[in-house]
Amino acid sequence: MECKKSPSIFDNSLSPSYDLMVMLNGSVIEVSNLRKTYKSIAAIDDVSFQVREGEIFGLLGPNGAGKTTTVECLQGLRHRDSGIIKVLGFDPEADASSLKKLIGSQLQESALPDRIKVWEALDLFASTGKIAVDWSALIEQWGLKEKRNAAFGTLSGGQRQRLLIALALVNNPKVVFLDEMTTGLDPAARRVTWDLIKAIRDRGTTVILVTHFMDEAENLCDRIAIMNNGKLAALDTPQNLINIHANQIKVIFSTERTDIDWLKTVPHVHTFSRNGRQVAVEGDGPVLALVASELVKHGIVPLDLRKEQPSLEDVFLKITGRSVVE
């Protein structure tokens, strides 16, 4: 059984409601006062945000923060208790049949029958859409060419993940949801996957990415929402989050000199400590340049002078007070 030739997998034809919404505010997803409870526990507690057209929007948070529940509500897979959701102009619950034709999804617990072959799964998913798709391009892009005739049950964890992501893209989605998409992939495969996700975004598809990998979020996401205990704790670009919540810079160098108390008087220096020959100075702003200048003035020219920038993980720990995997 051969696939039908068709438009590119990134060829989108916009619905009237989608056109109107993007024209008005540039958003493809709008969430207002979203709430979902399980008995007495609020999995999502009064969360509001917007996702812009063509961006990679990341959802970060510790286990149980409400990330997956939020994504499921956005797709109409889980009933919300209250709040307003619009995805591509549709309510995910009231307009489920219209919305599902416009979105793609790779969920954390996705699975297929063990005996279905890779090409059969892609052909089956492609047949459910209004527009025929050349899914052979997806096989090439996601490194599944050699596994074309392999059964799902024989695939490795990484191969299964790549197939599930390819299936999420098979209907030319305008928005695609990816939940922990690189779990189980080796470092090289993760980097390849990052490039493919950027390519999807660059062709106009909006990506909602749930991840617990800080480097993944920092490298891929245009904006990141950090959730904690069901609430939206922060939302901004990765760099702005770092600038606002973790602006401390550490300058490290080695010296035999012990008379370095003058470091306290250098502008933008907050504290410094010493461990043997190594000195660590903490500060903000142009602290590296100012410390370097003062070192030279005092006859100290260390070869190992370096700056350690705060990371998204530092932001996450400051905001949530815990590790992402706790």
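Because the structure is predicted, anything quoted here is derived from the model rather than measured.

Here is what the cut-offs are and how they apply
Residues numbered from 1 in each chain as written. Predicted model: local features only at pLDDT ≥ 70, side-chain atom pairs only at ≥ 80, totals over all residues. Heavy atoms only, no water. Helix = DSSP H or I, 4+ residues; strand = E, 2+ residues; numbered from the N terminus. Buried < 20%, exposed > 50% of the residue type's maximum accessible area, 1.4 Å probe, protein only. Contact = heavy atoms within 4.5 Å. Areas by Shrake-Rupley, 256 points an atom, 1.4 Å probe, with all protein chains shown as cover. Arc of directions from axis to C-beta. Core = buried A, V, L, I, M, F, W, Y, C linked by side-chain atoms within 4.5 Å. Salt bridge = Lys/Arg side-chain N within 4 Å of Asp/Glu carboxyl O. Pairing = 2+ DSSP bridges. Axes fitted to C-alpha atoms, helices over the stretch in contact; angles between N-to-C directions. pLDDT = per-residue confidence, 0-100. Parallel < 35°, antiparallel > 145°, perpendicular 65-115°, else oblique. Left-handed = near helix turned anticlockwise from the far one by under 90°. Nonpolar A, V, L, I, M, F, W, Y, C, P; charged D, E, K, R; others polar.

1. Remarks on the overall build of the chain
Tallying secondary structure elements over the chain gives 11 helices and 13 strands in all. Expressed as a percentage of the 326 residues in the chain, the buried residues total 47%. Sequence separation of 24 or more characterises 67% of the internal contacts of the chain that already satisfy a separation of 6 or more. Total accessible area on the chain stands at roughly 15700 Å², and carbon and sulfur atoms take up 51% of it.

2. Concerning helix H10 (residues 287–297)
Those residues of H10 not exposed but buried are Val 287, Val 291 and Leu 295. With its buried residues spanning 65° around the axis, H10 presents them on a single face. Among the exposed residues of H10, those oriented more than 90 degrees off its buried face are Ala 289, Val 296 and Lys 297. The elements touched by buried residues of H10 are strand S10 (249–254), strand S11 (269–275) and strand S12 (278–283).

3. Topic: the nonpolar core
Within the largest apolar cluster, 48 residues are counted, with the highest numbers of intra-cluster contacts made by Leu 122, Trp 142, Leu 163, Ile 197 and Ile 226. In terms of residue count, helix H6 (residues 157–169) provides more of this core than any other element does, 7 residues in total. Sequence-distant contacts of Ile 197, defined by excluding residues within four places in its chain, comprise Ile 56, Trp 142, Leu 178, Met 181, Val 207 and Leu 220. Counting 28 residues, the second largest nonpolar core, distinct from the first, contains Val 28, Ile 44, Phe 49 and Cys 73.

4. Quick notes on the pattern of salt bridges
This model, assessed by the stated rule, comprises 15 salt bridges. A salt bridge links Glu 72 to Arg 78, with the nearest nitrogen and oxygen atoms 2.6 Å apart. Judged by relative accessible area, Glu 72 falls into the buried class, the value being 16%. When its relative accessible area of 30% is taken as the criterion, Arg 78 is described as partly exposed. When salt bridges with common partners are traced through the structure, they connect Arg 35, Asp 45 and Lys 231 into a single cluster.

5. Regarding the sheet that holds strand S8 (residues 223–228)
Taken in spatial order, the 6 strands line up as S5-S6-S7-S3-S8-S9 in an open sheet, and their pairing is mixed. Lying at the two open borders of the sheet, with one neighbouring strand each, are strand S5 (103–106) and strand S9 (231–236). Averaged over all pairs of adjacent strands, the angle between their axes in this sheet comes to 15°, without regard to strand direction. For strand S3 (residues 56–60) and S8, the ladder comprises 4 bridges, and the chain directions are parallel. Paired with Phe 57 across the bridge in S8 is Arg 223.

6. Observations concerning the confidence of the model for the chain
Close inspection of predicted coordinates is inappropriate for parts of the model with low pLDDT. Confidence in the prediction of the chain, expressed as mean pLDDT, is 85, and 88% of residues score 70 or more. The least confident element of the chain is helix H1 (residues 16–25), whose mean pLDDT is 49; the most confident is strand S4 (residues 82–87), at 96. For residues 1–16, every residue scores under 50 in pLDDT, and the model assigns this stretch 42 contacts once sequence neighbours within four places are set aside.

7. Remarks on the packing of helix H9 (residues 238–245) against helix H11 (residues 312–320)
Any two packed helices are characterised by the angle at which their axes cross and by the distance between the axes. Relative to each other, H9 and H11 sit at 55°, their axes nearing to 9 Å. Between H9 and H11, the interaxial angle falls into the category oblique. The interaxial crossing formed by H9 with H11 has left-handed handedness. Touching Pro 238, Leu 241, Ile 242 and His 245 of H9 are Leu 312, Val 315, Lys 318 and Ile 319, all from H11. In terms of residue class, the contact of H9 with H11 is made up of 6 nonpolar, 1 polar and 1 charged.

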